[in-house]
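Structural description and commentary
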Amino acid sequence: MDKLVLIDGNSIAFRAFYALPLLTNGKGVHTNAVYGFTMMLMKVLEEEKPTHMLVAFDAGRITFRHSDYQEYKGTRAQTPAELSEQLPLIREVLDAFGIRHFEAEGYEADDIIGTLAKSAEEKGMNALIVTGDKDLLQLVTDRVTLLLTRKGVTEGERYDREAVWKKYQLTPAQIVDLKGLMGDASDNIPGIPGVGEKTALKLLHRFGSVEEVLDKVDELTGKLRERVKEHGRQARMSKDLATIYCDVPLGFSVEDTRYEGYDRGRVASIFEQLEFKSLLERIGGEESGTGTPRKLREVEVHIVEPEDRDRWNDFLESSFLSLWLETDGENYHRAEIIGLALSDGETHLYVPWRTAREWEALRRFLADEGREKTAFDGKRLRVVLERQGFDVNGLTFDALLASYLLDPSESGHSLSDMVKRKMDGSLPSDEEVYGKGAKRRLPGEKELAEHLARKAEALKRLDPLLREEVRETGMESLLFETELPLSQVLARMELHGVRVDRDRLLDLGEELKEQAEALTRQIYELAGAEFNINSPKQLAEILYDKLGLPVLKKTKTGYSTSADVLEKLASQHEIVEKILHYRQIMKLISTYVEGLLKEIDPKSGKIHTRFNQTITATGRLSSTEPNLQNIPIRLEEGRRIRQVFVPSEAGWQILSADYSQIELRVLAHLSGDESLKRAFSEDMDIHTKTAMDVFGVPEDEVTSLMRRQAKAVNFGIIYGISDYGLSQNLNIPRKVAAQFIDRYFRSYPGVKEYMDRVVEQARKDGYVTTMLNRRRYLPEIRSRNYNRRSFAERTAMNTPIQGSAADIIKTAMVRLHREMEKRRVQSRMLLQVHDELIFEVPEEELEEMKSLVRSVMEQAVPLSVPLKVDIHTGQTWYEAK
DNA sequence: GGCATCACG
DNA sequence: ACGTACGTGATGCCG
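Everything quoted here is computed from the prediction, not taken from an experiment. (Residues numbered from 1 in each chain as written. Chains lettered and ligands numbered in written order. Predicted model: local features only at pLDDT ≥ 70, side-chain atom pairs only at ≥ 80, totals over all residues. Heavy atoms only, no water.)

1. Quick notes on the overall build of chain A
Check the secondary structure of chain A and you find 37 helices and 24 strands. In summary, chain A has a C-alpha radius of gyration of 31 Å against a globular reference of 29 Å for 881 residues, a match within 12%. Counting only C-alpha atoms, chain A reaches 90 × 80 × 60 Å along its principal axes. Expressed as a percentage of the 881 residues in chain A, the buried residues total 52%. Accessible surface for chain A amounts to roughly 41000 Å². Of this, 46% is attributable to carbon and sulfur atoms. The averaged location of the 145 negative side-chain charges in chain A is 3 Å from the averaged location of its 126 positive side-chain charges. (Helix = DSSP H or I, 4+ residues; strand = E, 2+ residues; numbered from the N terminus. Rg over C-alpha atoms; globule rule 2.2 N^0.38 Å. Buried < 20%, exposed > 50% of the residue type's maximum accessible area, 1.4 Å probe, protein only. Areas by Shrake-Rupley, 256 points an atom, 1.4 Å probe, with all protein chains shown as cover. Lys, Arg positive; Asp, Glu negative; His and termini not counted. Charge placed at Lys NZ, Arg CZ, Asp CG, Glu CD.)

2. Thoughts on the UniProt feature "domain: 3'-5' exonuclease" (unreviewed entry) in chain A
Mapped onto the present numbering, the UniProt feature "domain: 3'-5' exonuclease" (unreviewed entry) falls on residues 299–471. Its end C-alpha atoms 30 Å apart, residues 299–471 is made of 45% helix and 17% strand. (UniProt positions renumbered as here; feature names shortened; annotations may be inferred.)

3. Observations concerning the UniProt feature "domain: DNA-directed DNA polymerase family A palm" (unreviewed entry) in chain A
UniProt records the feature "domain: DNA-directed DNA polymerase family A palm" (unreviewed entry) at residues 638–845, using the numbering of this structure. Helix makes up 59% of residues 638–845 and strand 12%, whereas the separation of the span's terminal C-alpha atoms amounts to 30 Å.

4. Side note on the nonpolar core
Counting 116 residues, the largest nonpolar core has Phe645, Tyr659, Leu667, Tyr744, Leu816 and Phe839 as its most contacted members. The element contributing the most residues to this core is helix H36 (residues 786–822), with 12 residues. Of the domains in this structure, domain 3 (501–604) and domain 4 (664–805) are the two that each give at least three residues to this core. Here Phe645 is in contact with Val498, Arg499, Val500, Leu596, Leu628, Ile631, Ile654, Thr876 and Trp877, once residues within four sequence places are set aside. Within the second largest apolar cluster, 52 residues are counted, among which are Ala109, Tyr168, Ile192 and Val248. (Core = buried A, V, L, I, M, F, W, Y, C linked by side-chain atoms within 4.5 Å. Domains from an automatic or database assignment. Contact = heavy atoms within 4.5 Å.)

5. Topic: the sheet that holds strand S6 (residues 155–159)
Pairing between the strands of a sheet comes from backbone hydrogen bonds, and it takes one of two forms, parallel or antiparallel. Pairing is mixed across the open sheet formed by six strands, whose spatial order is S3-S2-S1-S4-S5-S6. The sheet is open, and its two edges are formed by strand S3 (100–102) and S6, each paired on a single side. For this sheet, the mean angle separating the axes of adjacent strands, direction not counted, is 25°. (Pairing = 2+ DSSP bridges. Axes fitted to C-alpha atoms, helices over the stretch in contact; angles between N-to-C directions.)

6. Regarding the protein's contact with DNA strand C
Inspection of the region around DNA strand C gives 43 residues, with Ser535, Ser622, Glu625, Tyr724 and Tyr786 positioned closest. Counted by atom, the contact set of DNA strand C within 4 Å of the protein is 61% sugar and phosphate. Interatomic distance of 2.7 Å between a side-chain N/O atom of Ser622 and a phosphate oxygen of DNA strand C. When contributions to the surface near DNA strand C are tallied by element, the ones reaching two or more residues are helix H3 (67–74), helix H25 (536–546), helix H27 (574–599), strand S17 (622–624), helix H32 (704–719), helix H33 (723–730) and H36. By residue number, the principal contributor to the surface near DNA strand C is H36, which donates seven residues. A class-by-class count of the residues in the surface near DNA strand C yields eight nonpolar, 26 polar and nine charged. (Near = heavy atom within 4 Å. Polar contact = N/O pair within 3.5 Å; in protein donor to acceptor, adjacent residues only side chain to side chain. Nonpolar A, V, L, I, M, F, W, Y, C, P; charged D, E, K, R; others polar.)

7. Notes on the protein's contact with DNA strand B
In the region of DNA strand B, 22 residues are neighbours, and Arg583, Lys587, Ile633, Arg634 and Asp835 sit closest. Taking all atoms of DNA strand B within 4 Å of the protein, the share assigned to sugar and phosphate is 73%. Here Thr557 contributes a side-chain N or O atom positioned 3.2 Å from a phosphate oxygen of DNA strand B. Interatomic distance of 2.7 Å between a backbone N/O atom of Ile633 and a phosphate oxygen of DNA strand B. No other element matches H27, which puts three residues into the surface near DNA strand B.

8. With respect to the pattern of salt bridges
Within this structure, the stated rule accounts for 57 salt bridges. Residue Lys239 pairs with Glu211 through a salt bridge whose shortest N-O separation is 2.9 Å. One end of the pair, Lys239, is in helix H12 (residues 232–242); the other, Glu211, is in helix H10 (residues 210–215), with 28 residues separating them in the sequence. On the accessibility criterion, Lys239 (15% relative accessible area) is buried. The partly exposed category is assigned to Glu211, whose relative accessible area is 30%. One salt bridge in this structure joins Arg763 and Asp240, with 3.3 Å as the shortest N-O distance. Here Arg763 is found in helix H35 (residues 749–765), whereas its partner Asp240 is found in helix H12, with 523 residues between them in sequence. Classification of Arg763 as partly exposed rests on a relative accessible area of 27%. Overlapping salt bridges bring together Glu108, Asp110, Asp111 and Arg784 as one network. (Salt bridge = Lys/Arg side-chain N within 4 Å of Asp/Glu carboxyl O.)

Okay, structure coming up:
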């Protein structure tokens with residue numbers, strides 16, 4: 001009989017950590033949790049003799065801002081660093097034992113365990129769950145038992161159905177009802193206030209479930225009846241929260257967790273590292289099977305030398321080929337080409353650049369629209385090859401874009417990641433082949449050729465898999481009609497670049513440096529000491545210790561000196577505003593003057609940014625090296641940086657076209673709220689209109705403060721409103737913020753309904769979508785952790801809005817580019833800044849372009865409210881305002 | 001390499 | 001009962 005052992009990794013590590021003294025090995029590494037965990041592991045292996053085994057961990061969301069830290073400070077103690085640093089070591093031990101371990105973004109370890117226990121049972125296996133967490137009792141069945149650790153980790157109590165009954169007189173399925181009623185402070189589950197374990201058990205013994213208790217609430221008496229009535233919804237929600245989710249998409253099956261015994265050598269080696277002497281003795285001299293080395297798919301690669309390239313001319317005509325381009329640096333505007341790899345799935349070619357550069361058949365192949373190629377990062381491919389004078393056409397598929405659309409939140413879309421995710425295979429990462437940091441170098445040509453051939457081959461095999469997934473998820477049109485053509489538009493924009501007036505930038509820099517010096521002198525004077533103003537730590541010392549200003553906010557590492565704090569302190573000491581000003585000037589110097597100077601191509605005097613099309617979770621673009629999407633505008637001093645962005649031809653103009661209130665218009669469309677739609681149909685000033693509704697005054701009584709506050713409310717709505725967030729932003733009490741929000745929703749009930757609907761939908765489907773069916777998964781919307789769940793809920797509200805706005809401008813870009821080619825204008829699209837497009841335009845095309853840009857942008861997609869575009873022109877980006 | 005800060009939409 | 005606005009990228013400091 002097969003037996004699956006499932007270990008709750010975090011729970012056991014946690015128990016082990018607190019059960020054992022804080023051991024340290026000779027190198028100063030804490031090892032107590034690793035030691036305890038390993039003890040437990042070996043005991044389980046010996047006593048249970050599992051045929052299958054898996055250790056589940058909670059996935060830490062790295063991008064989850066600082067909320068993790070702050071929240072853990074609240075209800076439970078933060079995971080001590082001495083423990084979290086041991087978790088990777090535990091994983092290493094598991095690897096040495098050949099035991100599979102797993103974590104899934106947005107799911108907790110118990111969800112993974114529940115999923116596997118359920119599927120083991122369906123396959124007729126027995127399962128044993130090892131944990132320190134009573135919640136998992138709900139998973140017990142005839143075939144699933146629970147080993148609950150007590151005192152330490154090597155002793156435990158075994159729970160089957162009988163044992164659960166004996167302890168609570170409940171079935172395992174009722175454990176969630178128990179939680180629903182009594183709650184759980186450590187998991188932020190509220191339950192019914194005033195109902196503890198005793199009352200909850202009493203209620204369940206009488207009624208059986210939360211639902212029954214609520215149905216028959218009238219049979220209760222006194223205070224209890226009131227409490228149950230009042231908090232009924234909350235109890236239902238609490239039960240939901242306590243319910244372990246048993247359908248986690250794992251990407252593997254129970255069979256894949258087979259445990260084959262461990263390699264003594266590997267285990268001994270890690271025990272030696274950790275200095276586990278007694279455990280080393282315990283594994284003794286007995287030999288066990290060796291681990292299997294990772295097998296790579298065999299590929300045979302032909303290296304095409306210049307003299308024999310004509311032999312391969314026919315191959316280029318053969319069939320649908322994948323195309324891989326290898327370059328030497330991250331920034332492809334400066335990178336050198338190493339070579340190309342091509343594959344038809346059977347035959348793989350490596351074409352070193354020395355061969356490729358003068359191969360006419362290859363040149364024709366690349367340029368021919370009719371010769372379809374499947375590629376990875378077609379934008380990069382096109383930029384790099386066009387820089388070398390090659391035309392590139394016929395890129396009809398892009399695995400990078402497909403992978404991004406399939407899951408835009410995924411952090412890695414490297415080919416190696418995709419092979420792992422989509423084909424259960426493995427491809428050596430570039431880091432493994434090239435090394436990293438200072439050690440980075442090219443391997444010998446044979447090894448290089450094999451590596452690249454593997455990539456081309458993998459790309460060829462990925463093509464149909466990704467196409468199918470894109471089709472299944474309804475994103476074919478988004479991929480083929482928007483993202484793929486957009487990538488080629490972006491390639492053109494990047495290649496063309498933006499002209500920068502270097503002398504003007506240098507002058508601005510000089511001016512700013514003088515200001516910075518003057519401010520530095522004044523700050524030293526006022527502080528009575530010289531210090532590094534750029535160091536938040538030293539600055540905090542001066543402000544809070546030396547000058548005795550009150551501490552209004554702390555950061556993880558010390559006292560906060562952020563602008564919002566300093567603004568509140570400005571009235572108390574004149575040094576504060578000098579510091580704020582200094583910061584502003586320094587930002588301009590370092591990021592915008594010096595930063596931009598470094599990016600000017602000395603040959604052309606232009607800046608070539610890269611638009612990243614596969615980074616954001618919402619579908620927006622981002623821009624790097626340099627980021628041209630965050631050039632200052634809000635403050636005049638910074639705005640002057642825009643004076644250096646000029647047309648590349650004498651006498652041309654910069655034309656800027658921006659969508660007016662695109663996100664709120666999208667919201668009006670998506671929600672269908674009549675009042676909001678009317679406001680836009682009548683082309684009202686939306687913040688004034690909101691102020692009228694929220695403050696209940698006629699238009700002529702809206703003060704500038706009211707409008708400012710209403711504007712913040714509108715932002716809040718787009719971001720997924722919370723009273724706390726709004727109160728922080730406006731610096732007003734939370735109660736007042738809550739009032740604003742309440743009045744907003746009463747004025748725009750359709751918006752409220754929409755927000756509720758989209759959150760509900762996300763909860764049901766696990767994802768939200770945009771107007772063009774772009775998808776974003778939000779697994780954490782089902783999290784039992786309040787913070788994670790709330791974050792996911794706000795994201796569910798924001799993503800369709802931000803993402804649909806991104807869809808709209810992307811559509812406009814593709815159509816505009818086409819239209820501009822068709823009309824053979826000289827004008828060029830230069831930049832996109834989320835709701836704005838920047839062009840350079842010859843004088844004689846100015847009127848045509850204004851009208852073309854406006855009409856294409858406004859008609860990009862049909863909405864139930866009009867889209868409005870404002871257009872400005874000028875000699876520089878600064879003047880196009 | 002993580003953190004704090006700040007530039008943009 | 002809980003603590004937060006949504007999405008990015010670049011910089012300087014500091015361990």
